[in-house]
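So the chains spell out like this:
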Amino acid sequence: MALVEPAPGASAAVADCGAERALVVADYHAGIEVGLRYERGVELRSDADGRRERLLALCDRVDPDRVVVLGDLVHRIGDPGQGERDEVSALLDGLDRRDVPLTLVPGNHDGGVAEAYERIEVADPGGLRMGDVGFVHGHTWPDRAVLGAETVCMGHEHPQVRLEDEVGGGRTEQAWLRGRLRVEPFADHLDVAPESLSWGAPELVVFPAFNDRSGGTWINVEGQSFLSPFLPEALGDDAEAYLLDGTRLGVYRRV
């Protein structure tokens, strides 16, 4: 059985970390509606309650020991604004009632989170390893200790696939991306021999964004570029895409 198993129908997964069982999500982007208003002039009714209830319902469903957020818990880069603060505080209250701590692997939007929320356990930006599972956001190169895990989980990309039907109609859906993590790009970055990394052929699991208003990378569209400094070079040629309902699409480059 895989160490990281997606929760059916949800942009979340359960990770077997040995001593603990974690509910893992990426890119929560609390307060995104405020950000979209100022960044793009887009007016959207806040879905803060909906996001919180979806996550708490998943907690009730899988009964985890903790929640791990793979970066971008909040949307505003820098000090969280009042919208983010209120939304995250309400989420933490709900987790406190369930006695479930929240651990954040900080992303590029989380600069002020550690100072704003004492109840959140904030990991090092280079990532976190729990048992045989590593957790990173993906906007920077991971620490070597994380790369020694059997499975590495990351966010940041918000992967999506563009699907077309026989008559030319199309739609975009969130997707999981899973594949072997190649050692060569990391060895080049660290300027070391590949064999010095004690590589165990880890699997990389790229999470869809928990916040479905945050856009994403179309992983099967020509000309779309990845955001992470180690993708797509670090992904094996056999990496596959899956829809949230579990549908296996096959090798993502050929979807």
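Parameters and conventions
Residues numbered from 1 in each chain as written. Predicted model: local features only at pLDDT ≥ 70, side-chain atom pairs only at ≥ 80, totals over all residues. Heavy atoms only, no water. Phe/Tyr/Trp six-rings, centres within 6.5 Å; stacked < 30°, edge-to-face > 60°. Helix = DSSP H or I, 4+ residues; strand = E, 2+ residues; numbered from the N terminus. Buried < 20%, exposed > 50% of the residue type's maximum accessible area, 1.4 Å probe, protein only. Lys NZ or Arg CZ within 6 Å of the ring centre and 35° of its normal. Pairing = 2+ DSSP bridges. Contact = heavy atoms within 4.5 Å. Axes fitted to C-alpha atoms, helices over the stretch in contact; angles between N-to-C directions. Expected span 1.5 Å × (residues − 1). Arc of directions from axis to C-beta. Salt bridge = Lys/Arg side-chain N within 4 Å of Asp/Glu carboxyl O.

What about the packing of aromatic side chains?
Tallied over the full model, the rule gives 7 aromatic pairs. With centroids separated by 4.7 Å and ring planes inclined at 65°, the aromatic side chains of Trp-176 and Phe-207 adopt a geometry described as edge-to-face. Of this pair, Trp-176 sits in strand 11 (residues 170-180) while Phe-207 is found in the loop between strand 12 (203-206) and strand 13 (217-218), placing the two residues 31 residues apart along the sequence. Residue class for Phe-207 comes out buried when judged on its relative accessible area of 0%. A centroid spacing of 6.2 Å and a plane angle of 85° characterise the contact between Phe-226 and Tyr-252, whose relative ring orientation is edge-to-face. One end of the pair, Phe-226, is in the loop between strand 13 and strand 14 (240-243); the other, Tyr-252, is in the segment after strand 15 (248-251), and 26 residues separate them in sequence. The same class applies to Phe-226 as to Tyr-252, namely buried. A connected cluster of aromatic rings, assembled from ring pairs, spans Trp-141, Phe-186, Trp-199 and Phe-230. The residue whose ring lies beneath Arg-54 is Phe-210, and the NZ or CZ to ring-centre distance is 4.2 Å.

Side note on the sheet that holds strand 5 (residues 102-104)
Taking strand neighbours across the sheet as the criterion, the 6 strands line up as 1-2-3-4-5-6 in an open arrangement whose pairing is mixed. Single-partner strands in this sheet number two, and they are strand 1 (4-6) and strand 6 (121-122). Looking at chain direction, strand 1 and strand 2 (residues 13-16) are connected through 3 bridges and run antiparallel. Within the sheet, the bridge partner assigned to Val-4 lies in strand 2 and is Ala-15. The sheet strands contacting helix 2 (residues 48-62) are strand 2, strand 3 (21-25) and strand 4 (66-69), and the helix crosses strand 3 at an angle near 155°.

Considerations on helix 2
Note on helix geometry: an α-helix contains 3.6 residues per turn, so any two residues three or four positions apart are oriented the same way. With 15 residues, helix 2 should cover 21 Å at 1.5 Å per step; its first-to-last C-alpha distance of 22 Å lies within 8% of that length. Along helix 2, the positions that sit buried rather than exposed are Ala-48, Arg-51, Arg-52, Leu-55, Leu-56, Leu-58, Cys-59 and Val-62. Down the axis of helix 2, the sector holding all buried residues measures 150°, keeping them to one side. Exposed and facing more than 90 degrees away from the buried side of helix 2 are Asp-49 and Asp-60. Asp-63 occupies a position one or two residues after helix 2 and carries a positive phi of about 50°.

Brief notes about the pattern of salt bridges
Within the structure shown, the criterion is met by 13 salt bridges. Note that Asp-49 and Arg-52 form a salt bridge whose closest N and O atoms lie 3.1 Å from each other. One end of the pair, Asp-49, and the other, Arg-52, are both in helix 2, 3 residues apart, so they sit about a helical turn from each other. Of the charged contacts, one joins Glu-87 and Arg-51 as a salt bridge, the two residues approaching to 2.8 Å between their closest N and O atoms. With a gap of 36 residues between them, Glu-87 in helix 3 (residues 82-97) and Arg-51 in helix 2 connect regions that are remote in the sequence. No difference in accessibility class separates Glu-87 from Arg-51, as the two residues are buried. Several salt bridges share partner residues, and in doing so they unite Glu-20, Arg-66 and Glu-121 into one network.

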